[in-house]
Structures are given as C-alpha cells and as structure tokens.
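One letter stands for each residue in the lines below.
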Amino acid sequence: GENVEQHPSTLSVQEGDSAVIKCTYSDSASNYFPWYKQELGKGPQLIIDIRSNVGEKKDQRIAVTLNKTAKHFSLHITETQPEDSAVYFCAASRESGGGNKLTFGTGTQLKVEL
Amino acid sequence: KAGVTQTPRYLIKTRGQQVTLSCSPISGHRSVSWYQQTPGQGLQFLFEYFSETQRNKGNFPGRFSGRQFSNSRSEMNVSTLELGDSALYLCASSLGGADGYTFGSGTRLTVV
C-alpha cells in the first residue's frame, strides 16, 4: 500500500519568515495530494491540494509543488503569522471509482514565534 | 452551510464494552469516511461508505464496523473495547471521493 513520509516533525520559524514542509510518497499511481492544517481540539482542515497533472499551485501565502518523477511534494508558507501555528499533514490518494482513502504523513508541528 | 457533525465529542468507556459513534455529513455529501488518530500511529483510515455501501476498508480488526443510512448519516461501532482503542475518531465527508474532504471535530474516546 501507499506510504507517505513527512519532514520535519517540528518546525520553528520567526514571524514573517517562510516555512517549508516536505513529503514523499511510494505509490506512483497516487494522483491527489492534499494538505491539512489541524489546530488543537479541531479536525484537520483542507488548506490546499494538487493533482498529479499539475506541478505547482498557489493560494495567497500558501503554495504546493509536486515532483512526480521523484515522488515528492512540498508545502510552502510565506510571510508566516502566529495564526499559522498548528500541525500540518500531507496526504496522498489514488482516486478511483472503487473508493478512495487518504494516506497521511506523520505531521509537522509548526510554531511561528513573534 | 453546516459542517460535519460528530457526536458525542467525548466518551469514556470501560475495557470490554462497545461503543457507537455518529457522524452527520454536509448536506449533499454521499461519501463518509472514518479515521482514527493517535499520537503513536497518526491518522489511519478505517473505512469509507458511499450510498450506504462500504467501498473501502483499512487494516483494522473486525471489532471495528460501520454503516451508512439512506440520509448519508453514518455510525461506527467498536466492540470489545481495548485500551489501545483510545483515540480521536474523525469522520470526513465529500461529494464522492477524497477530493474536498471536510472533517468533523472528532469524538475523543478514552478506554479505561
């Protein structure tokens, strides 16, 4: 089955700096890669996603890049703010008509310091 | 619009008991999936239901089961609870696939 590795497990940055979280996946058939943000006491919230036919996607301060050949994808957050502090999860899925499931990375605790 | 609603939010059960958790998806969403979240194992897929049929299942023992009703609401059941079943159980709904999953806030289950 699919295996997703995520690094780093913890990341501390100064407010205004950029943060980068990296993930690798094992199943070359995976074609959907979402990123989730989870705050304390809440469920994961989708912040951005990318499909395998696209190399990069951006939404304001957040961007995701995908390298299918190397089977890795990354989350980039620019101009970080204290409210960006949370746990971030990457995930991979092979979408098909027979059902779908997300395989998650182990999470990155991001701390944005003032 | 209303989000994914999970009840109850917190639950304490004794080892050997059984428990039923409930999930109401976003209106119009037909796919409901369940995940278990623990500090040690992270987020792990339990099963997915679509139009009252289980169409995908994770690697959990048969003590974990679920069902979906005609209104897309879903329940999951865990029988003969073990201490290791203590976790946050998350439900997610979507129109039909992993694309656009919306998660609920989860049910925190503690087995003592």
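Attention here is on the structure that accompanies the text.

Rules of the game
- Residues numbered from 1 in each chain as written.
- Chains lettered and ligands numbered in written order.
- Predicted model: local features only at pLDDT ≥ 70, side-chain atom pairs only at ≥ 80, totals over all residues.
- Heavy atoms only, no water.
- Pairing = 2+ DSSP bridges.
- Helix = DSSP H or I, 4+ residues; strand = E, 2+ residues; numbered from the N terminus.
- Axes fitted to C-alpha atoms, helices over the stretch in contact; angles between N-to-C directions.
- Contact = heavy atoms within 4.5 Å.
- Buried area = accessible area lost by both parts, 1.4 Å probe.
- Nonpolar A, V, L, I, M, F, W, Y, C, P; charged D, E, K, R; others polar.
- Polar contact = N/O pair within 3.5 Å; in protein donor to acceptor, adjacent residues only side chain to side chain.
- Buried < 20%, exposed > 50% of the residue type's maximum accessible area, 1.4 Å probe, protein only.
- Salt bridge = Lys/Arg side-chain N within 4 Å of Asp/Glu carboxyl O.
- Core = buried A, V, L, I, M, F, W, Y, C linked by side-chain atoms within 4.5 Å.

**Points about the sheet that holds strand E3 (residues 19-24) of chain B**
Residue and element names in this part refer to chain B.
Part 1 of the argument: Within the open sheet, the four strands sit side by side as E1-E3-E8-E7. Their pairing is antiparallel. Two strands in the sheet have a free side with no partner beyond their single neighbour: strand E1 (5-7) and strand E7 (64-68). When strand polarity is set aside, the average angle formed by the axes of neighbouring strands in this sheet is 20 degrees.
Part 2 of the argument: The pairing of E1 with E3 spans three bridges and is classified as antiparallel. By the bridge assignment for E3, threonine 7 is matched with serine 22.

**Topic: the interface of chain B and chain A**
How big an interface is tends to be stated in terms of accessible area lost as the parts join.
Part 1 of the argument: Listed per partner, the contact involves 19 residues of chain B and 20 residues of chain A.
Part 2 of the argument: Surface buried jointly by chain B and chain A totals about 1500 Å² across both partners, of which 51% is contributed by carbon and sulfur atoms.
Part 3 of the argument: For the side of chain B that touches chain A, the secondary-structure elements that each account for two or more residues are strand E4 (31-38), strand E5 (42-50), strand E6 (53-57) and strand E9 (87-94) of chain B.
Part 4 of the argument: Per-element tally for the side of chain B that touches chain A: the top contributor is E5(B), with three residues.
Part 5 of the argument: Looking at the side of chain B that touches chain A, its residues break down into eight nonpolar, seven polar and four charged.

**What about the side chain of B:Ser72?**
Residue and element names in this part refer to chain B.
Part 1 of the argument: By the secondary structure assignment, serine 72 is in the loop between E7 and strand E8 (74-78).
Part 2 of the argument: Engagement of the side chain of serine 72 in a polar contact is seen with the backbone oxygen of histidine 29, the distance being 3.3 Å.
Part 3 of the argument: Sequence-distant contacts of serine 72, defined by excluding residues within four places in its chain, comprise Pro25, His29, Arg30 and Val32.

**Regarding the environment of B:Ser105**
Part 1 of the argument: With respect to the helices and strands, B:Ser105 occurs in the loop between strand E10 (102-103) and strand E11 (107-111).
Part 2 of the argument: Relative accessible area serves as the criterion here: at 30%, B:Ser105 is assigned to the partly exposed category.
Part 3 of the argument: B:Ser105 sits 17 residues away from B:Leu88 along the chain, and the two C-alpha atoms are 9.1 Å apart.
Part 4 of the argument: With sequence-adjacent residues up to four places away left out, B:Ser105 is seen in contact with A:Gly41, A:Lys42, A:Gly43, B:Gln6, B:Arg9, B:Leu88 and B:Leu90.

**Remarks on the pattern of salt bridges**
Residue and element names in this part refer to chain A.
Part 1 of the argument: Per the counting criterion, the structure on display carries 11 salt bridges over all chains.
Part 2 of the argument: The partner of arginine 94 in a salt bridge is aspartate 27, and the shortest N-O contact between them spans 2.9 Å. You can see arginine 94 sitting in the loop between strand E9 (86-92) and strand E10 (103-104) and its partner aspartate 27 sitting in the loop between strand E3 (19-25) and strand E4 (32-38), a full 67 residues away along the chain.
Part 3 of the argument: Judged by its relative accessible area of 48%, arginine 94 is partly exposed.
Part 4 of the argument: For glutamate 39, the salt bridge is made with lysine 42, and the minimal N-O distance between the two is 3.5 Å.

**Describing the nonpolar core**
Part 1 of the argument: Counting 24 residues, the largest nonpolar core has A:Trp35, A:Phe73, A:Leu75, A:Tyr88 and A:Leu110 as its most contacted members.
Part 2 of the argument: Among the secondary structure elements, those contributing two or more residues to this core are strand E2 (10-14), E3, E4, strand E5 (45-51), strand E7 (62-67), strand E8 (72-77), E9 and strand E11 (108-113) of chain A.
Part 3 of the argument: Residues in contact with A:Phe73, not counting those within four places in the same chain, are A:Ile21, A:Lys22, A:Cys23, A:Tyr25, A:Phe33, A:Trp35, A:Thr65, A:Leu66, A:Cys90 and A:Ala91.
Part 4 of the argument: B:Leu21, B:Phe47, B:Tyr49 and B:Ala87 belong to the second largest nonpolar core, which has 21 residues in total.

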